[in-house]
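An overview of the molecular structure
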2 protein chains.
Amino acid sequence: LRIECIAIGTELLTTTRVDTNSVWLAQRLADLGLAFHRKTAVGDSREDLRHLFLEALHRSEFIVCTGGLGPTFDDFTKEVLAEILGAPLEEDPTVRREIETFFKTLNRPMPLNNLKQALVPAGAMVLHNPVGTAPGLYWENPEDYPGRRIALLPGVPREMKHLWEYQVEPRLRELAGRPIHTLRMLVGSVGESALEERTTPLRQKHGRLDWTILASLGLVELIARSPEPAELDAARRDLEAELGADLIGVGSASLEETLLAKLAARGETLALAESMTGGLIASRLSAIPGASRAFLGGAVVYSPGAKTTLSDVDPALLHSAGTVSEACTRALAEGIRTKLGSTWALAVTGNAGPGEDPAGSAPVGTCHLAVSGPTGTRTQSHHFPGERAAVQARTASWALDFLRRTMLG
Amino acid sequence: LRIECIAIGTELLTTTRVDTNSVWLAQRLADLGLAFHRKTAVGDSREDLRHLFLEALHRSEFIVCTGGLGPTFDDFTKEVLAEILGAPLEEDPTVRREIETFFKTLNRPMPLNNLKQALVPAGAMVLHNPVGTAPGLYWENPEDYPGRRIALLPGVPREMKHLWEYQVEPRLRELAGRPIHTLRMLVGSVGESALEERTTPLRQKHGRLDWTILASLGLVELIARSPEPAELDAARRDLEAELGADLIGVGSASLEETLLAKLAARGETLALAESMTGGLIASRLSAIPGASRAFLGGAVVYSPGAKTTLSDVDPALLHSAGTVSEACTRALAEGIRTKLGSTWALAVTGNAGPGEDPAGSAPVGTCHLAVSGPTGTRTQSHHFPGERAAVQARTASWALDFLRRTMLG
């Protein structure tokens, strides 16, 4: 089923207003196992809109359109489509009464231009709007475009959602038939290209599934879609065996959620000592509801003084090994673990750039990670490319994943 | 100038990933007095992409396209466009060297599929990418499409922004004609509607300017555009007088940049003790290059134990006043200031939700802020609406702005 989304409004092409309707609609479609094949935002221009409708009627079976149903001069969605479909506009007495009642309830006079909203094109079904004045419209198999469905919805999110949920989605559900299922696997500390190469044989073996690989800084998602749950299950089992400890989890959970749930389930706690990531790891953990069950807190140890005062690092060690070093990172992890009495501690030092570090010992992109736990302390060192924000984000993900791997034993 | 934006990637049609690139690009266009006339998101389908390119070449003079330049099987933007333009692909030795160097710096073997990124269509200009492996491409007046310009950019925001800023925008600027100047004023701790009401008379007085008000969580930007710098200057002077201490600054600097620059200029330092914001304030400060000149670090004091151990809060006070209280926040600020020997300290406690806090004393959305400095400690309490992430973000902005105002004296 080819479904297309059209959002109308010049403001959607600027930074004034971002189209959130289509994201909400995409979620509703996903719940039915459906997806848009295209999303377009277009300005308040009759000519542009006419072209877009003609294209969409050509390529899509189901067209969802939001915006341009209001009472003002720059609202003409209905008029443009009615002209394309050769449908004359006539006033609908029920809709007119609804609009008049709406204003009576508000105790306000009805501006005359609101009467425009009571005009309905011949052949269209009215989607009555109990939460606003703009009714939606729905066409099924219009004369010149058999097999096409078109829903025109208001742009106001609250009204759009109401009409979609109660009047459009039930009709789409009937059309959709079999739902599509999704398998999502989150992988840590592996590059996108490396993951692709490594999983090529299994993706070919399960070639009937629809595969996607998505990388963000330090994490990769491997996604498969299919109408057959059994085929997804088989692929999942094969990939679990292939990926082993590299697999963070299956499903929608993030690395942070996975880690916090694992800690809470084991009744264990975590403390942090962050230099180069400067609180980023702490803020990513504390963004998760209920993080405080396992996350005790920690220290942001930007200055040498903070390293000694908050994480009990020996000033002599800072001097001999340097603030950006494996030894310092190890001492930070052990220091904060002892100080807060946590089961685990994670520490990070490094140089995120843009300049060389003051001591001159660590090139931009260097990071040292340390995990301290019940059986001792382990360390890792890496070098990451990119700008400050990218280096910090990647380091944070690798650090959390290092902890996750260490907890696996 | 008809400018069109195309975003490529199946994930952009779902809720997995939202296209933020086009919003950023719209802002850059606005600064030049330009706007998109259409924005489209399309999935990883060669056929869909081919149709979209053909339509766009027909209707638009400047096409900006993001995504699909990666090394994997579902990246084929370049190939599809090259086919339309009848341009054979050839390996570019410079690009190949750049990619090989990129992997050498990482100290990782280069996966063979990355070589795909070194293929360049005949007639295209390479936009060298110093922050990733995918070079951008630029066409000017391709043979069959005179008067058209096409920029292909990577989908990774960081890489896209870099190539746009340094290699595409200068070319567009030449085309665009008379520049539009922008005045941006950043305002803290004032609501969007309140700011709108308060500035109505001045916006009317300077009615020839094009005005926008943009709110993000806890901060509001007031933006004016005009081809006349003198008119913008006059508006700036009037608004500076009206806004007084509410004005964080004029220009592109963020609240964090403004604050860190002010601290560094005064030779002063800052320490933090964050409970409810869990490291968010620290990470926002440490995202700024050179933050360590003024930001010493601090404590993320999620647990009561962390509050006493890392910020020296008296356990008896925690018991009597509660962990979410003005008194505890004051003690946290004073404790961390003494401990790290900083000029200023900022502390936050509160309940970001979603549930009530364990002690039951603080409703969701409550926050207490404390700033401790050379002349003593000041506190503020607020109640913010919204979900956890919104409450944390708003609290972080208000806390940093409270420090800024306190530093003004």
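The present account deals with the structure reproduced in this document. (Residues numbered from 1 in each chain as written. Chains lettered and ligands numbered in written order. Predicted model: local features only at pLDDT ≥ 70, side-chain atom pairs only at ≥ 80, totals over all residues. Heavy atoms only, no water.)

Each helix and strand counted, chain A has 13 helices and 17 strands in total. Expected size for 409 residues packed as a compact globule is a radius of gyration near 22 Å; at 28 Å, chain A overshoots this value by more than 25%. Taken over the C-alpha atoms alone, chain A extends approximately 85 × 55 × 40 Å along its principal axes. Buried residues in chain A amount to 56% of all 409 residues. Within chain A, counting contacts between residues at least 6 apart in sequence, those at least 24 apart form 67% of the total. When the 42 basic and 49 acidic side-chain charges of chain A are each reduced to a single mean position, those positions are 4 Å apart. (Helix = DSSP H or I, 4+ residues; strand = E, 2+ residues; numbered from the N terminus. Rg over C-alpha atoms; globule rule 2.2 N^0.38 Å. Buried < 20%, exposed > 50% of the residue type's maximum accessible area, 1.4 Å probe, protein only. Contact = heavy atoms within 4.5 Å. Lys, Arg positive; Asp, Glu negative; His and termini not counted. Charge placed at Lys NZ, Arg CZ, Asp CG, Glu CD.)

This part takes up the sheet that holds strand 7 (residues 136-140) of chain A. Strand order in this open sheet of 12 strands is 6(A)-7(A)-8(A)-3(A)-1(A)-2(A)-2(B)-1(B)-3(B)-8(B)-7(B)-6(B), and the pairing throughout is mixed. Unpaired on one side and paired on the other, strand 6 (125-127) of chain A together with strand 6 (125-127) of chain B mark the two borders of the sheet. Mean inter-strand twist for the sheet, computed between neighbouring axes without regard to direction, equals 15°. Note: strand 6 of chain B against strand 7 (residues 136-140) of chain B, three bridges, orientation antiparallel. Residue pairing in the sheet places Met125 of chain B in a bridge with Tyr138 of chain B of strand 7 of chain B. Contacts from helix 2 (residues 46-59) of chain A reach strand 1 (3-8), strand 2 (36-42), strand 3 (62-66) and strand 8 (149-153) of chain A together with strand 2 (36-42) of chain B within the one sheet, and its direction differs from that of strand 1 of chain A by about 170°. Its contacts with the sheet place helix 1 (residues 21-31) of chain B against strand 1 (3-8), strand 2 and strand 3 (62-66) of chain B, and it is angled at close to 165° to strand 2 of chain B. (Pairing = 2+ DSSP bridges. Axes fitted to C-alpha atoms, helices over the stretch in contact; angles between N-to-C directions.)

In the structure shown here, the tally under the stated rule is 49 salt bridges over all chains. A salt bridge links Lys339 of chain A to Asp312 of chain A, with the nearest nitrogen and oxygen atoms 3.2 Å apart. In this pair, Lys339 of chain A is assigned in helix 12 (residues 326-340) and Asp312 of chain A in the loop between helix 10 (304-311) and helix 11 (315-321), connecting sequence segments 27 residues apart. With a closest N to O distance of 2.7 Å, Asp401 of chain A and Arg404 of chain A form a salt bridge. Within this pair, Asp401 of chain A and its partner Arg404 of chain A are both found in helix 13 (residues 388-408), separated by three residues, close to a single helical turn. Using a relative accessible area of 6% as the deciding quantity, one classes Arg404 of chain A as buried. Connected through shared salt-bridge partners, Glu4, Arg38, Glu55 and Arg59 of chain A together with Glu4, Arg38, Glu55 and Arg59 of chain B make up one network. (Salt bridge = Lys/Arg side-chain N within 4 Å of Asp/Glu carboxyl O.)

How large an interface is tends to be reported as the accessible area lost when its parts come together. With 72 residues of chain B at the interface, the matching set in chain A holds 76 residues. When the two sides are added together, the surface that chain B and chain A hide from each other amounts to roughly 5600 Å², 57% of it contributed by carbon and sulfur. At the boundary of chain B with chain A, the tally comes to six salt bridges. In this structure, the connection of chain B to chain A is made through 33 residue pairs in polar contact (both at pLDDT 80 or more). Partitioned by chemical class, the residues of the side of chain B that touches chain A number 34 nonpolar, 25 polar and 13 charged. When strand 14 (residues 295-300) of chain A meets strand 14 (residues 295-300) of chain B, the two strands line up antiparallel, connected through three bridges. Bridged to Ala299 of chain A within strand 14 of chain B is Ala299 of chain B. (Buried area = accessible area lost by both parts, 1.4 Å probe. Polar contact = N/O pair within 3.5 Å; in protein donor to acceptor, adjacent residues only side chain to side chain. Nonpolar A, V, L, I, M, F, W, Y, C, P; charged D, E, K, R; others polar.)

A word on the sheet that holds strand 16 (residues 366-373) of chain A. Taken in spatial order, the 10 strands line up as 17(A)-16(A)-15(A)-13(A)-14(A)-14(B)-13(B)-15(B)-16(B)-17(B) in an open sheet, and their pairing is mixed. Among the strands making up the open sheet, the edge pair consists of strand 17 (376-383) of chain A together with strand 17 (376-383) of chain B. Neighbour-to-neighbour, the strand axes of this sheet turn through a mean angle of 15°, independent of strand direction.

The subject of this paragraph is the environment of Leu152 of chain A. All names here are of chain A. On the secondary structure map, Leu152 appears in strand 8. Between the C-alpha atom of Leu152 and that of Trp139, which follows or precedes it by 13 residues, the distance is 8.8 Å. Filtering out sequence-adjacent residues up to four positions away, Leu152 remains in contact with Phe53, Cys65, Leu69, Thr77, Lys78, Leu81, Leu127, Gly136, Leu137 and Trp139.

Applying the stated rule across the entire model yields eight aromatic pairs over all chains. Taking the centre distance of 5.9 Å and the plane angle of 80° together, the rings of Phe102 of chain A and Phe103 of chain A count as edge-to-face. Its relative accessible area of 8% is what places Phe103 of chain A among the buried residues. Plain terms: the ring middles of Phe384 of chain B and Trp398 of chain B are 5.3 Å apart, the flat faces sit at 55° to each other, and that makes the pair tilted. In this pair, Phe384 of chain B is assigned in the loop between strand 17 and helix 13 (388-408) and Trp398 of chain B in helix 13, connecting sequence segments 14 residues apart. One Lys or Arg, Arg171 of chain A, reaches over the ring of Tyr138 of chain A and ends 5.1 Å from the middle of that ring. (Phe/Tyr/Trp six-rings, centres within 6.5 Å; stacked < 30°, edge-to-face > 60°. Lys NZ or Arg CZ within 6 Å of the ring centre and 35° of its normal.)

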